[in-house]
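Inside the fold
Spelled out from the first residue to the last, the chains are:
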Amino acid sequence: MPENSPRRERPAPKKHSWLRPTAGRTNGPADPAGPAPADTGTKAPADGSGGSGGSGGSGGDSSVVHAVVYRDGHRVATPASLADTYRQLREQPQGMAWIGLHRPSEDELLSLAEEFDLHQLAVEDALEAHQRPKLERYGDTLFVVLRAARYLDAPEEVDFGELHLFVGPDFVITVRHGAAPDLSAVRRRMEATPELLALGPEAVLYAILDAVVDGYAPVVSGVQTDIDEIETEVFSGDPEVSRRIYGLAREMVEFQRATRPLVGMLHNLMAGFAKYGTDDELQRYLRDVADHVTHTSERVDGFRSALADILAVNATLVTQQQNAEMRALAEAGFEQNEEIKKISSWAAILFAPTLVGTIYGMNFDAMPELHWAFGYPFAILLMAGVCVSLYFIFKRRDWL
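A brief structural summary.

1. Quick look at the packing of helix H8 (residues 241-271) against helix H10 (residues 280-360)
Direction vectors running N to C along H8 and H10 enclose 155 degrees, while the axes themselves pass 8 Å from each other. In terms of orientation, H8 and H10 fall into the roughly antiparallel class. Where H8 crosses over H10, the handedness of that crossing is left-handed. A breakdown of the residues in the contact of H8 with H10 according to their chemical character gives 20 nonpolar, seven polar and four charged.

2. Focus: the side chain of Arg147
Assignment of secondary structure puts Arg147 in strand E5 (residues 141-152). Filtering out sequence-adjacent residues up to four positions away, Arg147 remains in contact with Gln131, Pro133, Phe160, Gly161, Glu162, Val212, Tyr216, Glu254 and Ala258.

3. Some details on the nonpolar core
By size, the foremost hydrophobic cluster in this structure holds 60 residues, and its most contacted members are Leu146, Met190, Ile208, Leu209 and Phe255. The residues touching Leu146, leaving out its near neighbours within four places in the chain, are Gly161, Glu162, Leu163, Leu165, Ile208, Leu209, Val212, Leu262 and Met265. Of all hydrophobic cores here, the second largest spans 26 residues; its members include Val64, Phe143, Val145 and Ile173.

4. Quick word on the pattern of salt bridges
Within the structure shown, the criterion is met by 19 salt bridges. Across the pair Glu136 and Lys134 runs a salt bridge whose closest N-O atoms are separated by 3.7 Å. Residue classification places Glu136 among the partly exposed positions, given a relative accessible area of 24%. On the basis of relative accessible area, Lys134 is assigned to the buried category, the value being 9%.

5. A closer look at the packing of aromatic side chains
A full pass over the atoms with the stated rule returns ten aromatic pairs. Ring centres of Tyr70 and Trp98 lie 6.4 Å apart, and the angle between their planes is 50 degrees; this geometry places the pair in the tilted category. In this pair, Tyr70 sits in strand E1 (residues 64-71) while Trp98 sits in strand E3 (residues 95-102), placing the two residues 28 residues apart along the sequence. Neither Tyr70 nor Trp98 differs from the other in exposure class; each is buried. Judged by centre distance (5.1 Å) and plane angle (15 degrees), the rings of Tyr206 and Tyr285 are stacked. In this pair, Tyr206 sits in helix H6 (residues 201-214) while Tyr285 sits in helix H10, placing the two residues 79 residues apart along the sequence. Members of the aromatic cluster, connected to one another through ring pairs, are Tyr86, Phe116 and Phe171.

6. Observations concerning unusual backbone geometry
With phi around 55 degrees, Glu156 is a residue other than glycine that occupies positive phi space. Note that Glu156 resides in the loop between E5 and strand E6 (157-167). The backbone of Asp398 sits at a positive phi, close to 65 degrees, despite the residue not being glycine. Counting through the fold element by element, Asp398 comes out in the segment after helix H11 (375-396).

7. Observations concerning a nonpolar patch on the surface
Nonpolar side chains collect at one region of the surface, where Phe351, Leu355, Ile359, Met362 and Phe364 lie side by side and expose about 490 Å² of accessible area between them. Tracing the sequence through the fold places Leu355 in helix H10.

8. A closer look at H11
Between its terminal C-alpha atoms H11 stretches 32 Å, which fits the 32 Å expected from 22 residues at 1.5 Å a residue. Buried within H11 we find Gly375, Ala379, Met383, Cys387 and Phe394. Relative to the axis of H11, the buried residues are bounded by an arc of 110 degrees and lie together on one face. Those residues of H11 that are exposed and angled more than 90 degrees off the buried face are Leu381, Phe392 and Arg396. Close packing links the buried residues of H11 with H10. Phi turns positive one or two residues past the end of H11, at Asp398, with a value near 65 degrees.

9. Quick look at the packing of helix H4 (residues 183-192) against H6
The interhelical angle for the contact between H4 and H6, taken along N-to-C directions, is 130 degrees, at an axis separation of 10 Å. As judged from the angle between their axes, H4 and H6 are oblique. The element H4 and its partner H6 pack so that their crossing is right-handed. Contact residues: H4 offers Leu183, Val186, Arg189 and Met190, while H6 offers Ala203, Val204, Tyr206, Ala207, Ile208, Asp210 and Ala211. Each residue belonging to the contact of H4 with H6 can be placed in one class, and the counts come to nine nonpolar, no polar and two charged.

10. A short note on the sheet that holds E3
An order of E2-E1-E3-E7-E6-E5-E4 is seen for the seven strands of this open sheet, with the pairing classed as mixed. Only two strands of the sheet have a single partner each, and these edge strands are strand E2 (74-77) and strand E4 (134-138). The average undirected angle you get between the axes of adjacent strands in this sheet is 25 degrees. In this sheet, E2 lies alongside E1 in antiparallel orientation, the contact comprising three bridges. Bridge pairing in E2 links Arg71 to His74. With respect to the sheet, helix H3 (residues 120-128) is in contact with E4, E5, E6 and strand E7 (171-177), its orientation differing from that of E6 by roughly 155 degrees.

11. Focus: the pairing of E7
Extensive coverage of E7 is indicated by the burial of seven of its seven residues. Judged by which residues are buried, E7 turns out to be covered on both faces: Phe171, Ile173, Val175 and His177 on one side and Val172, Thr174 and Arg176 on the other are all buried. Summarising the sheet, E3 and E7 pair through six bridges and their orientation is parallel. Each residue of the ladder has a partner; that of Ala97, found in E7, is Phe171. Alignment of E6 against E7, held across six bridges, turns out to be antiparallel. Among the inter-strand pairings, His164 is bridged to a residue of E7, identified as Val175. In textbook terms, the turn of a hairpin is the stretch between consecutive antiparallel strands, and for E6 and E7 this stretch comprises three residues.

Rules used throughout
- Throughout, a residue's number is its position along its own chain's written sequence, starting from 1.
- Restriction of local features to residues with pLDDT of at least 70 applies here, the model being predicted, together with a cutoff of 80 or more for giving and counting side-chain atom pairs; totals for whole chains, interfaces and linings are based on all residues.
- Side-chain metrics rest on all non-hydrogen atoms present in the structure, leaving aside hydrogens and water.
- Here, axes are lines fitted to C-alpha atoms. For helices the fit covers the stretch in contact, and angles between N-to-C directions go from 0 to 180 degrees.
- Each helix is a run of H or I in the DSSP string that is no shorter than four residues. Each strand is a run of E no shorter than two, and both are numbered from the N terminus.
- Under this scheme an angle from 65 to 115 degrees is roughly perpendicular, one under 35 degrees roughly parallel, and one over 145 degrees roughly antiparallel; angles in between are oblique.
- Note on convention: the crossing is left-handed when the near helix lies turned anticlockwise from the far helix by less than a right angle, right-handed when the turn is clockwise.
- Residues are grouped as follows: nonpolar covers Ala, Val, Leu, Ile, Met, Phe, Trp, Tyr, Cys and Pro; charged covers Asp, Glu, Lys and Arg; every other residue, Gly included, is treated as polar.
- The contact criterion used is simple: two residues touch if any of their non-hydrogen atoms lie within 4.5 Å.
- In this description, a nonpolar core means a group of buried Ala, Val, Leu, Ile, Met, Phe, Trp, Tyr and Cys residues linked to one another through side-chain atoms lying within 4.5 Å.
- Partly exposed residues are those whose accessible area sits between 20% and 50% of the maximum for their type, while under 20% is buried and over 50% is exposed, using a 1.4 Å probe and protein chains only.
- The salt bridge criterion pairs a side-chain nitrogen of Lys or Arg with a carboxyl oxygen of Asp or Glu, the two atoms within 4 Å.
- When the centres of two rings from Phe, Tyr and Trp lie within 6.5 Å, Trp using its six-membered ring, the rings pair. Their planes under 30 degrees apart give stacked, over 60 give edge-to-face, and anything left gives tilted.
- Residues enter patches when they are more than 30% accessible in relative terms and free of salt bridges; like-charged ones are connected within 9 Å and nonpolar ones (Val, Leu, Ile, Met, Phe, Trp, Tyr) within 5 Å.
- Working definition of accessibility: Shrake-Rupley area with a 1.4 Å probe, residue cover restricted to the visible protein chains.
- Working rule for helices: expected span equals 1.5 Å times residues minus one.
- Taking the helix axis as origin, the arc is that swept by the directions to the C-beta atoms.
- Two strands make a pair as long as DSSP finds a minimum of two bridges between them.

By themselves, these observations are geometric and do not establish any function.
Put into structure tokens, the structure is as follows:
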């Protein structure tokens, strides 16, 4: 972290060969004359809660959410543009600038890079976004990438945002990609405690880290509620629960990617306390944030394990249910087959006398036994004998 020594007189901004005021990059050399830094031309809201929130293109729309200059923990200026911020900071040798941007344009970031001597790689990362959480040092400037999260109650989903910070000896630049976190609340908290804000950029870094980590708590609570509901749905046989488990498991993978690197990042910060002379009170605050991060990371790991177990249990229950359904279908088929056997047996038994009666019912004069005195009893005995024989045959084969 930057040292807590009195801040030096600001030098004239450096010119970098890789800085170009126009969008896009080429491998050729930049214009040696170097145009003036881009002026956003839009006044930052006094309370820091507004701002265009747009891309901050060259058409006059600024992505500056707030730009404030502090001295000894108190606000001394609220510049209307980046150029005014640079001028006001140069007029405050012991001051600190806190510049907040939301999805800035390349011109704005290049202007900041030229003024504050930001490294090319860090600026490229801030422009492109979609970075993993990390902490890198470029000279006396820290570049920090954080993944904030918030729980959306209506869709029961976790929304992730990305935040990039440049922390130097007398400036803090925040580049936000996404709705989270609410940095205006962080700024209000810091302004309400000027003794903490007077500790400089490293105190602002702590406050932002603390806000991001505190923002994980509602997410953890919401996910815990979702897991409890999923467990109930699993054992109630809800057919849609598998989709919900899979979606929540994917969110936990993203949540783990956001929280796990923070543990190492904060330990790296704490390892530099002695080297950079970090204030003792600030050290305690950062250790507290590290404890919360560790706790959250362990909870997320537990959620992933629980979801994996729930998914396995759900698969087992689904398999058991399918087996039970197949068994029920087989039993129903067997019962149906038995009924068909009985019906077929009785149909065959009843068909025998019908056949005999039909033959002897034909009106032919030359039929045998037609005028025989025992013809009728013979026909009756024949029908009875055939029926009884068929009955015993089917009974022996368990058809009846």
